[in-house]
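# Summary of structural features
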Amino acid sequence: MKAIEVQAPGLFTTVQDLGREGFGPLGVSPSGAADPISLRVGNRLVGNPEDAAALEMTLLGGAFLFPDGAVLAFSGSDFGATLDNVSVDPWMSFEARPGQTLRLGPTRSGARSYLCVQGGIAVEPFLGSASTHTLSGLGGFEGRSLRKGDVLSIATASQPYRIRTVAPGILPRLSPRKILRCTPGPQSEWFPESSHQLFYNSTYRVAEESNRMGLRLEGPSVLVSSGGHMITEGVSLGAIQVPGGGSPIILFVEQQTTGGYPKIANVISADLPSVGQLRPRDEIHFERVTWEVAQSRLQEQEELLASHELVQE
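All values reported here derive from a predicted model rather than from experimental measurement.

## Section: the pattern of salt bridges
Overall, the coordinates contain 18 salt bridges when judged by the stated rule. The shortest N-O distance in the salt bridge between R144 and D150 comes to 2.9 Å. Taken as a pair, R144 and D150 share a single burial class, namely buried. For R177, the salt bridge identified is with E287, shortest N-O distance 3.9 Å. One end of the pair, R177, is in the loop between α2 (171-174) and β14 (179-184); the other, E287, is in strand β22 (residues 283-288), with 110 residues separating them in the sequence. Overlapping salt bridges, with partners in common, bring together E56, R112, R212 and E254 in one network.

In structure tokens form, the structure reads like this:
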């Protein structure tokens, strides 16, 4: 079995697939890739199933030695990758020969880059998924982010190496958005119209304290009507909750499964991958849309990802 030797882990690199659904009642959030579109496309570039496990790098990439070689692709944000000091482009497959080292630097665009390897990363599944759940220390590679000296196994792949690229004109249609579309949250009626106007007409900045659990936002405070007390309830991915201080938080892939703060809105499913590419200090806006629009945008996105024209050989 081929392997990846971690020479430098980067800032925060974990094994992720498309996550584990259905375990909220057990207190386990889905985890999985923060930008699932990039993971799915990257896996297609190397001939993997879309849900194969890959490496998710955050803000700063690592250095990885391939003693037996591998077929690779990286997707998502551009981290300025080089293979033995020769630049390689994102969004296309390439081959690392035995003994070559791939190095990735600081991000040049968004927050996360995905290193996909033909065959996928081989780790023991936890609740049916290879994703690292860092809050609980379960899944992925020993339940944690990677460290220097770690050795990861690559699952066996039988496909021959082929150069695959994303078709011209497709990437702009999948690029991350800074205007996040939202539908009403479960407690949206608890907020006066003035709070809704403020929320949707303001600019918010992603705070430094943001992580895979949630993105804290800096900007105008959104206040709930007086007496807005609630019992703790289940929360969903992309819910925008408003604690007592009025600063919104976008709950993300490792969010707590229950919460007692009112939710003014919920980021639509089609825009959740964009949340995964937000960096600290990025500025964003929110746009209110209908349920019909949310469903239509997701359907369009899924049709594009399923298209045979997405990847070219």
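Having seen the model, we can carry on.
## Quick notes on the nonpolar core
If you look at the biggest cluster of nonpolar residues, it comprises 44 residues, and the most contacted ones within it are V41, F199, I240, I250 and F286. The greatest single-element share of this core, amounting to four residues, is contributed by helix α1 (residues 36-45). Among all residues touching F199, those that are not within four sequence positions of it are Y204, V222, I240, P248, I264, A265 and F286.

## Examining the pairing of strand β10 (residues 112-117)
In terms of residue burial, β10 counts as a mostly covered element, since six of its six residues are buried. Burial along β10 is two-sided: the face carrying R112, Y114 and C116 and the face carrying S113, L115 and V117 are both buried. Pairing of strand β5 (residues 70-76) with β10, which is carried by five bridges, proceeds in the antiparallel orientation. When the bridges of β10 are listed, S75 appears paired with Y114.

## Observations regarding the sheet that holds strand β11 (residues 121-122)
Pairing is antiparallel across the open sheet formed by seven strands, whose spatial order is β7-β6-β9-β4-β1-β12-β11. In this open sheet, the two strands that pair with only one neighbour each are β7 (86-87) and β11. Sheet analysis places strand β6 (residues 82-83) next to strand β9 (residues 100-103), joined by two bridges and oriented antiparallel. If you follow T82 over to β9, its bridge partner there is R103.

## Topic: the environment of L65
Relative to the helices and strands, L65 resides in strand β4 (residues 63-66). The spatial distance from the C-alpha of L65 to the C-alpha of S221 is 47 Å, given a sequence separation of 156 residues. Those residues in contact with L65 that lie beyond four places of it in its chain are A3, I4, E5, Q7, G99, Q100 and T101.

Thresholds applied
- Residues numbered from 1 in each chain as written.
- Predicted model: local features only at pLDDT ≥ 70, side-chain atom pairs only at ≥ 80, totals over all residues.
- Heavy atoms only, no water.
- Salt bridge = Lys/Arg side-chain N within 4 Å of Asp/Glu carboxyl O.
- Buried < 20%, exposed > 50% of the residue type's maximum accessible area, 1.4 Å probe, protein only.
- Helix = DSSP H or I, 4+ residues; strand = E, 2+ residues; numbered from the N terminus.
- Core = buried A, V, L, I, M, F, W, Y, C linked by side-chain atoms within 4.5 Å.
- Contact = heavy atoms within 4.5 Å.
- Pairing = 2+ DSSP bridges.

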